[in-house]
Amino acid sequence: MGEGIAGRVRLMKGIVLAASALCTSALFLCAGGNAVSAFTAQESAPIQETTAPAGLLTGLVIALDPGHGGYDGGAVGRVSGTPEKGLNLDVANRTRRLLMEQGAAVVLTRTDDYALCDENPPIRKKLQDMQRRAALIEENGCGLVLSIHMNEYAGRSESGPQVFYREGCPAGRLLAGAMQEAMIDCLQPRTKREALGGDYYILTLGVPSVLIECGFLSNREEEALLLTGEYREKIAASIVQGVLAWAALEGEKPQPLEKTDRSDEPRAE
Ligand SMILES: [Zn+2]
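Thresholds applied
- By convention here, each chain's residues receive numbers from 1 onward along its written sequence.
- Under the rules for a predicted model, residues below a pLDDT of 70 receive no local features and side-chain atom pairs below 80 are neither given nor counted, while totals for whole chains, interfaces and linings still include all residues.
- All axes are obtained by fitting lines to C-alpha atoms, using only the stretch in contact for helices, and the reported angles, taken between N-to-C directions, cover 0 to 180 degrees.
- A run of H or I in DSSP becomes a helix once it reaches four residues, and a run of E becomes a strand once it reaches two; helices and strands are each numbered from the N terminus.
- Throughout this description, any angle smaller than 35 degrees is read as roughly parallel, any larger than 145 degrees as roughly antiparallel, any in the 65 to 115 degree range as roughly perpendicular, and the remainder as oblique.
- Left-handed describes a crossing in which the near helix is turned anticlockwise from the far one by less than a right angle; the clockwise case is right-handed.
- Residues are defined as contacting one another if the C-beta atoms placed from their backbone atoms lie within 7 Å.
- Residues are sorted three ways: Asp, Glu, Lys and Arg are charged, Ala, Val, Leu, Ile, Met, Phe, Trp, Tyr, Cys and Pro are nonpolar, and all the rest, Gly among them, are polar.
- Counting other C-beta atoms within 10 Å of each residue's C-beta, where C-beta atoms are placed from the backbone, gives the exposure class: buried for 20 or more, exposed for 12 or fewer, partly exposed between.
- For two strands to pair, DSSP has to find at least two bridges joining them.
- Here, the term right-handed applies to a crossover whose path from the first strand over the helix to the second runs clockwise when the strands point away from the viewer.

Our focus in this paragraph is the packing of helix H5 (residues 170-187) against helix H7 (residues 229-247). Two numbers describe how H5 lies on H7: the axes approach to 8 Å, and their chain directions differ by 140 degrees. When the interaxial angle is binned, H5 and H7 end up oblique. When the axes of H5 and H7 are compared, the crossing they make is right-handed. On the side of H5, the interface is formed by Leu174, Leu175, Ala178, Met179, Glu181, Ala182, Met183, Cys186 and Leu187, while H7 contributes Lys234, Ile235, Ala237, Ser238, Ile239, Gln241, Gly242, Ala245 and Trp246. Of the residues assigned to the contact of H5 with H7, the class counts are 13 nonpolar, three polar and two charged.

Below is the structure:
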């Protein structure tokens, strides 16, 4: 956080992720099925500089982090067996398009079905994957982090979107509150949840950050909704509404907690 926000914005303005040439729906079909996908390690997502159109979010560099990928499918649909990784990527792609329409520059931490770790890393796979996501977010000077996930729970009745922020971080809590409210407004879930503090690596990088659990794959009705492109588009629109509501809040926004130093993380599984 050595450099001021104005400096970072100046530096990073206009850097956006190139739209993937691959068809999003084809990607989704590949990633969303039950088949075990080949493990592919990739160090970083392709990023290219272009100019975003002017809009309400012009000057803001937003990291979209589609959770899981590759060997790590994440939560699984109770009825369909669909892993969350492909759904997360699809929601992120839809959100990216809508954010760019508002003038934001967007960095995706992954653009396909892969984990960001080596096949046999010297540290835990999940940790290396998270470290590389964090490096992408930092190298690109992102001023906001939105991590996209799908939830699951042992009980089948739990449902509804749930937004998490770093425990004790006032900047994260402000963003999470705006995001949770926007998702409730747009999606009208049966269960209206409140934003919660949590302990997630991706939220500890020293920028306003939220982890968005879009809904429960363990709930039959919500799983059916999450499997439709129409509902995922609504989710993307609700996320953008959350960012817009946060950006429009008056007064100076609180600073995020400092980045957590993870250089001492364990080297072995
Ligand atoms: Zn997840």
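Another point: the pairing of strand S6 (residues 162-166). The two faces of a sheet get side chains in turn, since along a regular strand they alternate between them. Most of S6 sits out of view: five of its five residues are buried. Looking at chain direction, S6 and strand S8 (residues 209-216) are connected through three bridges and run antiparallel. Residue pairing in the sheet places Val163 in a bridge with Ile212 of S8. Sheet topology places S6 next to strand S7 (residues 196-198); three bridges connect them, and they run parallel. Opposite Tyr165, over in S7, you have Gly197 as the bridge partner. What joins S6 to S7 is H5, and the crossover it makes is right-handed.

Okay, the sheet that holds S7 next. Read from one edge to the other, the open sheet built from six strands follows the order S4-S3-S5-S8-S6-S7, with strand pairing classed as mixed. The two strands at the open ends of the sheet, each matched to only one other strand, are strand S4 (105-108) and S7. Recorded for the sheet is a direction-independent mean angle of 30 degrees between the axes of neighbouring strands. Where strand S3 (residues 61-66) and S4 come together, four bridges link them in parallel fashion. Considered in S4, the bridge of Ala63 is made with Val107.

Phi is positive for His68, close to 65 degrees, though the residue is something other than glycine. Of note, His68 is situated in the loop between S3 and helix H3 (84-101). With 25 C-beta atoms packed within 10 Å, His68 lands in the buried category. Phi at Gln188 takes a positive value of approximately 45 degrees, unusual for a residue other than glycine. As for its position among the elements, Gln188 is in the loop between H5 and S7. Since 10 C-beta atoms lie within 10 Å of it, Gln188 is described here as exposed.

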